[in-house]
Amino acid sequence: MSGEEREKEYLLPGERVDRLTIGNYKIIQHPEVFRFSVDAVLLATFPSLHGVKTVLDLGTGTGVIPVILAARHPRLKITGIELQPRLADMARRTVLLNDLAGRIKIVEGDLRQLRHYIKEESFDLVVSNPPYLPLGTSFLNESQEMRIARHEITCTLEDIVQAAATVLKTRGKLAMVYRPERLVDLMWSLRSRRLEPKRLRFVHPRPGRPPVLILLEAVRDARPDLKVEAPLYLRDEEGNYSEEACRLYGIEGQEEKKR
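Enquirer: Sorry if this is basic, but what is going on with the side chain of H73 here?
Expert: Tracing the backbone shows H73 in the loop between α3 (64–72) and β4 (77–82). Ignoring any residue separated from it by four or fewer positions in sequence, one finds H73 in contact with L49 and R103.

Put into structure tokens, the structure is as follows:
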């Protein structure tokens, strides 16, 4: 059986297989529902994995973050929890397509009820690419999957942080990608649940432009000591992918930097 024939066995009508440049893995997606973006790649490549054995992805979507983490470290045991049945099903089939069933587990469930699915204080690292927008702040997309992914409809920032605090071990880490305009909200929520911000990085579209994202890592029951890292520029002044962005995406060669 050819690779293309095998891929078709895992696809439902309208779906497609997109190939990652990281680890040569594949992701099942649908053009009409939520698809992963640069946020997921940045988050999956941000946290240090030294000493990490178990990872939980809150709101895993189609499973791209667990797959990239699996490519980064061959011994990680990764769990992704996803509320939406359609996305959870796509994530499970992505895991099977990449022969990662022994390393990645997808749980369909509500992270607000995490104790029903996950043992408390059982993870070394939690990652989350949460909804950025409170309700009433912008236009709601027609797609239900997109609405839930972008807006705080089924979970809020507080829900995400509380879920992480519930399942992290002492000295366990939470890594998040978020919007800079909500940094104060994020910091307050973390500290109120004994998650101390330790690393912060601003992500800019290119030099001279304001940041569009932040990457933040917090540690449970740690002392205050926040380190603001050098900014990450996604593109250079000429509009090509920056050297660091190419490295994070796994892109090789100067020609592939241009779009």
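And the narrative resumes.
Enquirer: Would you mind going over the packing of aromatic side chains with me for this structure?
Expert: Centre-to-centre distance and the angle between the planes together describe a pair of aromatic rings. Evaluated as defined, the whole model comprises 1 aromatic pair. Their ring planes at 40 degrees and their centres at 5.9 Å tell us that Y241 and Y249 sit as a pair that is tilted. Residue class for Y241 comes out buried when judged on its relative accessible area of 11%. Looking at R199, its charged tip hangs above the ring of F46, at a distance of 4.0 Å from the centre. Here R235 stacks its cationic end above the ring of Y241, 4.3 Å away from the centre of that ring.

Enquirer: What's the story with the pattern of salt bridges in this structure? I'm lost.
Expert: One side chain can pair with another of opposite charge once the charged atoms of both are near each other. Taken as a whole and judged by the stated rule, the model has 22 salt bridges. Across the salt bridge formed by R6 and D99, the nearest N and O atoms sit 2.9 Å from each other. Of the two residues, R6 is situated in helix α1 (residues 3–9) and D99 in the loop between α4 (85–97) and β5 (104–108); the sequence distance between them amounts to 93 residues. A residue is classified by how much of its surface remains accessible, and R6, at 26% relative accessible area, is partly exposed. When its relative accessible area of 62% is taken as the criterion, D99 is described as exposed.

Enquirer: When you look at α4 in this model, what are you seeing that I'm missing?
Expert: For the α-helix, the turn length of 3.6 residues means that residues three or four positions removed from each other point alike. If you check α4, its first and last C-alpha atoms are 18 Å apart, about what 13 residues at 1.5 Å a residue would give, namely 18 Å. Along α4, the residues that are buried comprise L87, A88, M90, A91, R93, T94, V95 and L97. Looking at the residues trailing α4, positive phi occurs at D99, about 55 degrees.

Enquirer: Explanation requested: the packing of helix α6 (residues 157–167) against helix α7 (residues 183–191) in the structure shown.
Expert: A pair of packed helices can be characterised by two numbers: the angle between their axes and the separation between those axes. Where α6 meets α7, the axes come as close as 10 Å, and the angle between the chain directions of the two elements is 35 degrees. Classified by chirality, the crossing of α7 by α6 is right-handed. Here α6 contributes L157, E158 and V161 to the contact with α7, which in turn contributes D185, L186, W188, S189 and L190. By residue class, the composition of the contact of α6 with α7 is 5 nonpolar, 1 polar and 2 charged.

Calculation criteria
Residues numbered from 1 in each chain as written. Predicted model: local features only at pLDDT ≥ 70, side-chain atom pairs only at ≥ 80, totals over all residues. Heavy atoms only, no water. Helix = DSSP H or I, 4+ residues; strand = E, 2+ residues; numbered from the N terminus. Contact = heavy atoms within 4.5 Å. Phe/Tyr/Trp six-rings, centres within 6.5 Å; stacked < 30°, edge-to-face > 60°. Buried < 20%, exposed > 50% of the residue type's maximum accessible area, 1.4 Å probe, protein only. Lys NZ or Arg CZ within 6 Å of the ring centre and 35° of its normal. Salt bridge = Lys/Arg side-chain N within 4 Å of Asp/Glu carboxyl O. Expected span 1.5 Å × (residues − 1). Axes fitted to C-alpha atoms, helices over the stretch in contact; angles between N-to-C directions. Left-handed = near helix turned anticlockwise from the far one by under 90°. Nonpolar A, V, L, I, M, F, W, Y, C, P; charged D, E, K, R; others polar.

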